[in-house]
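Chain and residue survey
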Amino acid sequence: MVKLSIEVITMIGAALILAVLGGIAFHDLIMIDTGGYFPHNEKPEVIRVIAKQYVWEFIYPNGTVSYDKVVIQAGKPYIFNLTSADVIHAMYIVQLGYKLEAIPGYYYPLYIIVNKPGVYNIYCAEFCGPGHYTMIGELIVVNGTG
């Protein structure tokens, strides 16, 4: 009987631990998917990103367009509104751990805030055709008003 009680207590304890960890993971996933970790007093700037064979097109709020290079400020929140003009692509910023699919006809928000200035590579992580390997961009993070 004592052995059965220890087994039951162990199972209940394991279930409680998994429930707590699952709750924390669910909360953090919601924060990532909605930008809940952004500062509440600062409105994020929205940059449209259109993936095309074999280029990244970035459209800033003022209408400026750049190809394969996007410049943002350190510590400022941004939303990359990601879509594709032709086939399925995937925006992958390896050094920051950001990865999101770009599918024609759909818009997906990528909530991003980078605190460390630098140059980060943007790759396409979905085979998009024979020139896939050339689809490389740069995320340039600058201090101040850049």
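Being a predicted model, the structure only gives us computed values, none of them experimental.

The secondary structure content of the chain amounts to one helix and ten strands. Reading the chain from its N terminus to its C terminus gives the helix and strand order α-β-β-β-β-β-β-β-β-β-β. Over its C-alpha trace the chain gives a radius of gyration of 20 Å, far above what one expects of a compact globule, namely 15 Å for 146 residues. The buried share among the 146 residues of the chain stands at 32%. A fraction of 60% describes how many contacts in the chain between residues 6 or more apart in sequence connect residues 24 or more apart. Total accessible area on the chain is roughly 8,800 Å²; 64% of this is exposed by carbon and sulfur atoms.

The next subject is the nonpolar core. Counting 25 residues, the largest nonpolar core has Trp-56, Val-70, Ile-72, Phe-80, Met-91 and Leu-139 as the members making the most contacts within it. The residues contacting Leu-139, other than those within four sequence positions of it, are Val-70, Ile-72, Phe-80, Ile-93, Leu-96, Ile-112, Val-114, Gly-118, Val-119, Tyr-120 and Ile-122.

Turning next to the pattern of salt bridges. Inspection of every chain in the model, using the stated rule, returns two salt bridges. Between Glu-45 and Lys-76 there is a salt bridge; the shortest N-O distance is 3.0 Å. Of this pair, Glu-45 sits in strand 1 (residues 45-52) while Lys-76 sits in the loop between strand 4 (69-73) and strand 5 (78-84); the two residues are 31 residues apart in sequence, bridging distant segments of the chain. Take Lys-76: its relative accessible area is 18%, and that puts it in the buried class. Note that Glu-57 is salt-bridged to Lys-52, the shortest N-O span being 2.5 Å.

A cluster of nonpolar side chains, contributed by Leu-4, Val-8, Met-11, Ile-12 and Leu-16, occupies part of the molecular surface with about 490 Å² of accessible area. Under the relative-accessibility criterion, Met-11 is labelled exposed at 57%.

As a further point, take the UniProt feature "transmembrane region" (unreviewed entry) in the chain. In this numbering, the UniProt entry assigns the feature "transmembrane region" (unreviewed entry) to residues 6-26. The distance from the first to the last C-alpha atom of residues 6-26 is 30 Å, and the span holds 100% helix and 0% strand.

Attention now goes to the state of the cysteines. This model, assessed by the stated rule, comprises zero disulfides. The thiol of Cys-124 is unpaired, and the distance to the nearest cysteine sulfur, on Cys-128, comes to 3.9 Å. Looking at Cys-128, the relative accessible area reads 4%, which means it is buried.

What follows deals with the side chain of His-132. Inspection of the secondary structure assignment puts His-132 in the loop between strand 9 (118-124) and strand 10 (136-142). For His-132, the side chain forms a polar contact with the main-chain oxygen of Cys-124, separated by 3.3 Å. Each residue touching His-132, except ones within four places of it in the same chain, is listed here: Tyr-54, Cys-124, Ala-125, Glu-126 and Phe-127.

Turning our eyes to something else, we now look at the sheet that holds strand 8 (residues 108-112). Judged by pairing direction, the sheet is mixed, and its five strands sit side by side in the order 3-2-1-5-8 without closing on themselves. In this open sheet, the two strands that pair with only one neighbour each are strand 3 (65-67) and strand 8. For this sheet the average axis-to-axis angle between neighbouring strands, irrespective of direction, equals 25 degrees. Relative to strand 3, strand 2 (residues 55-59) runs antiparallel, the two being bridged by three bridges. By the bridge assignment, Phe-58 is partnered in strand 3 with Ser-66.

Criteria and thresholds
- Here the residue index of a chain counts from 1 through its sequence in written order.
- Local features in this predicted model are restricted to residues whose pLDDT is 70 or higher, and side-chain atom pairs enter the listing and the counts only when it is 80 or higher, whereas totals over whole chains, interfaces and linings include all residues.
- The side-chain figures draw on all heavy atoms in the structure; neither hydrogens nor water molecules are used.
- Helix numbering and strand numbering both begin at the N terminus, where a helix is a DSSP run of H or I of at least 4 residues and a strand a DSSP run of E of at least 2.
- To get the radius of gyration, use the C-alpha atoms; to get the globule rule, take the number of residues to the power 0.38 and multiply by 2.2 Å.
- Any residue under 20% of the maximum accessible area for its type is buried, any over 50% is exposed, and the rest in between are partly exposed; the area is computed with a 1.4 Å probe on protein chains only.
- The contact criterion used is simple: two residues touch if any of their non-hydrogen atoms lie within 4.5 Å.
- Surface accessibility follows the Shrake-Rupley procedure with a 1.4 Å probe radius. Residue values consider only the protein chains on display as shielding.
- For the purposes of this section, nonpolar cores are sets of buried Ala, Val, Leu, Ile, Met, Phe, Trp, Tyr and Cys residues that join through side-chain atoms within 4.5 Å.
- Only one rule defines a salt bridge in this text: a Lys or Arg side-chain nitrogen within 4 Å of an Asp or Glu carboxyl oxygen.
- Excluding any residue in a salt bridge, patches collect residues exceeding 30% relative accessible area, merging like charges within 9 Å and nonpolar Val, Leu, Ile, Met, Phe, Trp and Tyr side chains within 5 Å.
- UniProt positions are given in the numbering used here, feature names are shortened, and annotations may be inferred rather than shown by experiment.
- Any cysteine sulfur atom paired with another within 2.5 Å is treated as part of a disulfide.
- Here a polar contact means two N or O atoms within 3.5 Å. Within protein one must be a hydrogen donor candidate and the other an acceptor candidate, and residues neighboring in sequence count only if both atoms are side-chain atoms.
- In this description, strands pair whenever DSSP reports at least two bridges between them.
- Axis definition: a line fitted to C-alpha atoms, over the contacting stretch in the case of helices. Angles run 0 to 180 degrees between N-to-C directions.

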